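Structural description and commentary
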Amino acid sequence: MSCAACVGRVEKALAAVPGVRSASVNLATETARVETAVPLPFDTLRAAVENAGYEAGPAVDPAAPAVPVSEPPATAGGMLRGWLRGANEGLPVLLAALLSVPLAAPMLLAPLGIGWMAAPWLQWLLATPVQFLLGARFYRAGWKAARAGAGNMDLLVALGTSAAYGLSVYLLLSGHGTHLYFEASSVVITLVLLGKWLEARAKRQTTSAIRALRTLRPDTARVRRGGHDADVPIATVRTGDMVVVRPGERIAVDGDVVEGMSDVDEALITGESLPVARRPGDRVTGGAINGAGLLLVRTTATGAETTLERIIRLVEDAQAAKAPVQHLVDRVSAVFVPVVLAIAALTLAGWWFATGNLETATINAVTVLVIACPCALGLATPAAIMAGTGVAARHGILIKDAAALETAHGVTAVVFDKTGTLTQGRPVLAALRAHGIAEAELLALAAAVQRGSEHSLARAVLEAANERALDVPAAQAVTALPGRGLAATVAGRDLVLGSTRLMAERHVDLAPLQAEALALEQSGHTVSWLADAGARRLLGLVAFADPPKPTARAAVARLHAQGIATTMLTGDNAGSAQAVAAAVGVGDVSANLLPADKTAHIAALKAGGARVAMVGDGINDAPALAAADVGIAMATGTDVAMHAAGITLMRGDPALVADALDISRRTFAKIRQNLFWAFVYNLAGIPLAALGMLSPVMAGAAMALSSVSVITNALLLNGWKPGRRQPNEEEA
């Protein structure tokens with residue numbers, strides 16, 4: 001594909017295939033994403049693309065092992081065809097430039113007072129291979145487009161340069177005219193080839209984040225089986241295998257540390273610049289680099305289910321997706337080439353009628369055709385999205401799709417969950433108050449109810465029970481009560497563990513411990529109650545301390561400095577919520593909320609005109625994350641939260657929230673800048689060309705420069721750093 005018009009035509013061809021629900025084509029990555037109602041053979045889709053004048057192959061799954069492909073024997077003819085088709089873009093550009101320099105020399109030497117020009121037949125000899133060999137790609141692609149009843153950049157270049165070349169041949173053979181236009185056709189082709197070469201190089205830089213992530217995947221793992229260590233292909237490692245990671249090696253799988261202690265560098269995965277300590281019980285991520293210690297890791301995920309592969313898929317999905325603003329560009333591009341052809345025809349007719357000079361009329365029409373190529377329009381949005389999502393991923397911010405990126409740039413209110421989001425999420429058991437039973441029995445029963453839970457409060461209870469070496473009984477029929485707590489049957493008793501709201505619903509009298517609970521809550525503790533639901537009898541309370549994260553206050557202050565309002569919504573008690581809010585500087589707090597209550601609060605903010613981002617990490621946060629304009633999940637939380645969110649933060653650092661909004665704003669600013677200049681370039685260039693105020697050579701240079709400048713502008717995003725004050729690009 002060569003321009004935005006190609007994108008629209010391929011999408012239209014794919015969408016017309018019976019069974020296809022939608023088709024989205026990305027010019028920058030040259031990929032198509034097709035959603036079908038029923039399974040469709042690839043050949044059916046390929047045939048539709050070929051009928052539209054293009055070629056297609058199956059996308060390669062980056063997670064799949066490489067399959068060796070037998071190459072056919074190389075032949076001189078095949079090598080020449082591949083070279084001319086652009087297999088090595090740099091060599092055709094160089095040869096085209098060498099052949100075109102003598103043709104452009106008079107134009108270059110004239111300002112120096114040197115009047116030299118190559119002989120007419122020498123000009124023809126130099127221009128012909130540029131036109132028909134090095135420029136053959138434009139004829140092939142343009143013919144396919146014309147045969148499919150449409151137009152693209154290649155058709156415009158082929159028509160424009162052919163007209164200039166044909167006019168020059170006519171003037172040469174007829175002996176009319178003192179100036180030939182071989183330099184126009186040759187230099188335009190050279191400049192377009194140069195632009196495409198620079199464009200391809202720049203595109204490769206926009207995918208640098210994906211390439212960097214792919215290099216993190218080890219090919220082998222050292223697996224311990226039967227007491228022996230052996231290096232095996234990574235594809236053969238299974239969940240539960242013990243993997244040995246030596247000092248300095250890259251960790252091959254996701255897993256839990258069973259033996260050993262070390263520091264692990266996860267910079268390219270989470271954006272964390274400093275190594276993090278890992279010891280038995282801690283989780284490690286495939287692709288990270290082990291420090292000085294020897295680790296034995298029990299594998300928990302392999303292949304496509306590892307964190308690294310999921311990150312790669314998220315970044316690829318975001319880079320392949322279209323921002324909503326791109327649909328406007330697609331609609332414009334669908335009619336762009338036919339309109340340009342009509343303008344060129346009117347230019348030819350108008351100048352010929354006004355001056356009676358077919359030579360002048362042809363050259364002005366050629367200039368219109370050359371300058372109007374919509375390359376920059378097609379690249380403006382995807383180039384910025386690829387650069388923005390790539391640099392964000394390098395710093396631990398995964399943007400799931402372009403819609404989230406576009407929405408996030410206008411966020412005016414950020415809603416935080418409390419536990420695990422603003423607080424450290426690793427609460428410790430601070431107090432036990434038993435009623436009618438021993439404290440040890442209270443802790444053992446609470447641990448039994450929460451044994452299978454992922455919640456951070458459950459981990460605190462289980463750790464405390466393990467420290468006291470308590471005999472924790474088995475629990476049956478464990479049921480999660482969203483926003484309230486848990487229910488389970490332990491030793492024949494129907495127990496409930498959770499909030500004050502849950503106790504009220506089960507008609508449990510809390511009076512015996514109410515005063516102590518109130519004092520604990522006012523001092524910033526979180527209180528959970530344990531009761532026998534069958535007997536409606538209170539058994540006691542457990543209180544937790546969960547201090548704010550060290551960066552939380554600065555993160556909230558950064559948002560306030562950007563004019564963004566902050567709110568904290570939590571299912572925790574009011575005392576604990578107010579204590580955390582005061583510590584971190586959040587202005588508005590609502591406590592004792594169910595998941596539905598959080599959703600209702602977000603709906604109210606949206607109804608008031610705010611564009612809302614919700615930040616959370618738990619199962620309870622999933623409805624609110626989905627209800628917000630953009631959901632931001634902490635990867636340190638649950639998978640459910642990450643699936644519901646449009647943005648995932650690979651570190652549990654609230655400072656990344658402001659960074660995510662910042663890179664979204666800067667990326668969208670680049671999109672607007674690129675689209676503005678792409679539209680202005682065509683709106684200004686076409687009238688100037690039609691009025692005869694530009695030459696074909698100037699038009700070719702401007703057209704080649706437009707695509708390169710759009711991608712180069714997008715690549716400026718690669719200099720973005722989290723948390724660093726930078727000039728406001730939207731005002732620049």
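Quick caveat: nothing in here was measured; it's all calculated off a predicted structure. Think of each chain on its own: its residues are numbered from 1, step by step along the sequence as written. Restriction of local features to residues with pLDDT of at least 70 applies here, the model being predicted, together with a cutoff of 80 or more for giving and counting side-chain atom pairs; totals for whole chains, interfaces and linings are based on all residues. Only hydrogens and water are set aside when side-chain values are computed; all heavy atoms of the structure are taken into account.

Re the overall build of the protein chain
- Note on conventions: DSSP H or I runs of at least 4 residues are helices, E runs of at least 2 residues are strands, and numbering of each starts at the N terminus. Across its full length, the protein chain holds 26 helices and 24 strands.
- Each residue is placed in one exposure class: buried if its accessible area under a 1.4 Å probe, protein chains only, is under 20% of its type's maximum, exposed if it is over 50%, and partly exposed if it falls in between. Residues classed as buried in the protein chain amount to 50% of the 732 residues present.
- Pairs at least 24 apart in sequence give 68% of the contacts found in the protein chain among residues at least 6 apart.
- Accessible area of the protein chain: about 32000 Å², with a carbon and sulfur share of 61%. Contact criterion: two residues are considered in contact whenever any of their non-hydrogen atoms come within 4.5 Å of each other. Residue-level accessible areas treat just the shown protein chains as cover; the underlying method is Shrake-Rupley with a 1.4 Å probe.

A look at a nonpolar patch on the surface
- A cluster of nonpolar side chains, contributed by Leu91, Leu94, Leu95 and Leu98, occupies part of the molecular surface with about 360 Å² of accessible area.
- By secondary structure assignment, the location of Leu95 is in helix 4 (residues 90-109).
- The class of Leu95 is partly exposed, set by a relative accessible area of 34%. Patch rule: a residue counts if its relative accessible area is over 30% and it has no salt bridge; like charges are joined within 9 Å, and nonpolar side chains (Val, Leu, Ile, Met, Phe, Trp, Tyr) within 5 Å. In what follows, salt bridge is the name for a side-chain nitrogen of Lys or Arg lying within 4 Å of a carboxyl oxygen of Asp or Glu.

Quick look at the packing of aromatic side chains
- Two aromatic rings, drawn from Phe, Tyr or Trp (for Trp, its six-membered ring), form a pair once their centres lie within 6.5 Å of each other, and the interplanar angle then sorts them: stacked below 30 degrees, edge-to-face above 60, tilted otherwise. By the definition in use, this model includes 5 aromatic pairs.
- On the basis of an interplanar angle of 65 degrees and a centroid distance of 5.5 Å, the ring pair of Tyr165 and Phe182 is categorised as edge-to-face. Placement of the pair is Tyr165 in helix 7 (residues 153-174) and Phe182 in helix 8 (residues 182-206), with a sequence separation of 17 residues. Neither residue differs from the other here; Tyr165 and Phe182 are each classed as buried.

Remarks on the sheet that holds strand 17 (residues 493-498)
- Here, strands pair whenever DSSP counts at least two bridges between them. Taken in spatial order, the 6 strands line up as 14-19-18-17-16-15 in an open sheet, and their pairing is antiparallel. Sheet topology places strand 14 (428-434) and strand 15 (475-481) at the edges, where each strand pairs with a single neighbour. Looking at each pair of strands side by side, their axes are set apart by 20 degrees on average, direction ignored.
- Here strand 17 runs beside strand 18 (residues 526-532); their pairing, made up of 4 bridges, is antiparallel. Residue Leu495 lies in a different strand from strand 18, and its bridge partner there is Asp532.
- In this analysis, axes come from line fits to C-alpha atoms, helices being fitted only over the stretch in contact, and the angle between any two N-to-C directions falls in the range 0 to 180 degrees. Packed on one face of the sheet, helix 19 (residues 511-522) meets strand 14, strand 18 and strand 19 (537-545) and runs near 10 degrees to strand 19.

Here we look at the pairing of strand 1 (residues 20-26)
- Sheet topology places strand 1 next to strand 2 (residues 31-36); 6 bridges connect them, and they run antiparallel. Note on strand 2: the bridge partner recorded for Val20 is Thr36.
- The hairpin turn running from strand 1 into strand 2, its antiparallel successor, is 4 residues long, and Glu30 in that turn takes a positive phi close to 55 degrees.

Here we look at the packing of helix 5 (residues 120-134) against helix 6 (residues 136-147)
- Two elements in contact, helix 5 and helix 6, have axes whose closest approach is 4 Å; the angle formed by their N-to-C orientations is 40 degrees. Classified by the angle between their axes, helix 5 and helix 6 sit oblique to one another. Mapping the contact onto sequence places Gln131, Phe132, Leu133 and Leu134 in helix 5 and Ala136, Arg137 and Tyr139 in helix 6.
- As a working rule, the residues Ala, Val, Leu, Ile, Met, Phe, Trp, Tyr, Cys and Pro are called nonpolar, Asp, Glu, Lys and Arg charged, and the rest polar, with Gly in that last group. In terms of residue class, the contact of helix 5 with helix 6 is made up of 5 nonpolar, 1 polar and 1 charged. The cut-offs work like this: below 35 degrees is roughly parallel, past 145 is roughly antiparallel, 65 to 115 is roughly perpendicular, and the gaps in between are oblique.

Remarks on the pattern of salt bridges
- Evaluated as defined, the whole model comprises 17 salt bridges.
- A salt bridge links Asp229 to Arg224; the nearest nitrogen and oxygen atoms lie 2.9 Å apart.
- Since its relative accessible area comes to 39%, Asp229 is described here as partly exposed.
- Arg224 gets classed as partly exposed once you look at its relative accessible area, which sits at 34%.
- Among the salt bridges present, the one from Asp662 reaches Arg665, with a minimum N-O distance of 3.9 Å. Placement of the pair is Asp662 and Arg665 together in helix 25 (residues 655-690), with a separation of 3 residues, close to one helical turn. Here Asp662 matches Arg665 in class, with each residue buried.
- Within the structure, one salt-bridge network assembled from shared partners comprises Arg222, Asp231 and Glu249.

Considering the UniProt feature "transmembrane region" (unreviewed entry) in the protein chain
- Sites flagged by UniProt as "transmembrane region" (unreviewed entry) map to residues 91-109, 121-139, 151-173, 179-198, 332-354, 366-393, 675-694 and 700-720.
- End C-alpha to end C-alpha, residues 121-139 measures 24 Å, and it is 95% helix and 0% strand.
- With 80% helix and 0% strand, residues 675-694 has its two end C-alpha atoms placed 23 Å apart. UniProt positions are given in the numbering used here, feature names are shortened, and annotations may be inferred rather than shown by experiment.

A closer look at helix 6
- Helix span is expected to be 1.5 Å times the residue number reduced by one. The end-to-end C-alpha distance of helix 6 is 16 Å, a good match for the 16 Å that 12 residues give at a rise of 1.5 Å each.
- Every buried residue of helix 6 is listed here: Ala136, Arg137, Phe138, Gly142 and Ala145.
- Downstream of helix 6 by one or two residues, Gly149 has phi in the positive range, about 80 degrees.

Description of the nonpolar core
- To form a nonpolar core, buried Ala, Val, Leu, Ile, Met, Phe, Trp, Tyr and Cys residues must be joined to one another through side-chain atoms within 4.5 Å. Residues Ile397, Val414, Ile647 and Leu649 are the most contacted members of the largest nonpolar core, which totals 119 residues.
- In this view, Leu649 contacts Gly396, Ile397, Ile632, Ala633, Met634, Ala635, Leu656, Val657 and Ala660; residues no more than four positions away in its chain are not counted.
- Ala464, Val472, Leu486 and Leu530 belong to the second largest nonpolar core, which has 26 residues in total.

Regarding the side chain of Ser499
- For Ser499, the position within the fold is in the loop between strand 17 and helix 18 (500-505).
- The residues touching Ser499, leaving out its near neighbours within four places in the chain, are Gly483, Arg484 and Trp529.

Considering the sheet that holds strand 4 (residues 228-233)
- An order of 4-3-5-11-6-9 is seen for the 6 strands of this open sheet, with the pairing classed as antiparallel. Unpaired on one side and paired on the other, strand 4 and strand 9 (283-284) mark the two borders of the sheet.
- Sheet topology places strand 5 (residues 242-245) next to strand 11 (residues 295-301); 4 bridges connect them, and they run antiparallel. Paired with Val243 across the bridge in strand 11 is Val297.

Description of the pairing of strand 15
- Where strand 15 meets strand 16 (residues 485-490), 5 bridges bridge the pair, whose relative direction is antiparallel. Looking across to strand 16, one finds that Ala480 is bridged to Leu486.
- Hairpin connection, strand 15 to strand 16: the antiparallel pair is bridged by 3 residues, and Gly483 has positive phi, about 80 degrees.

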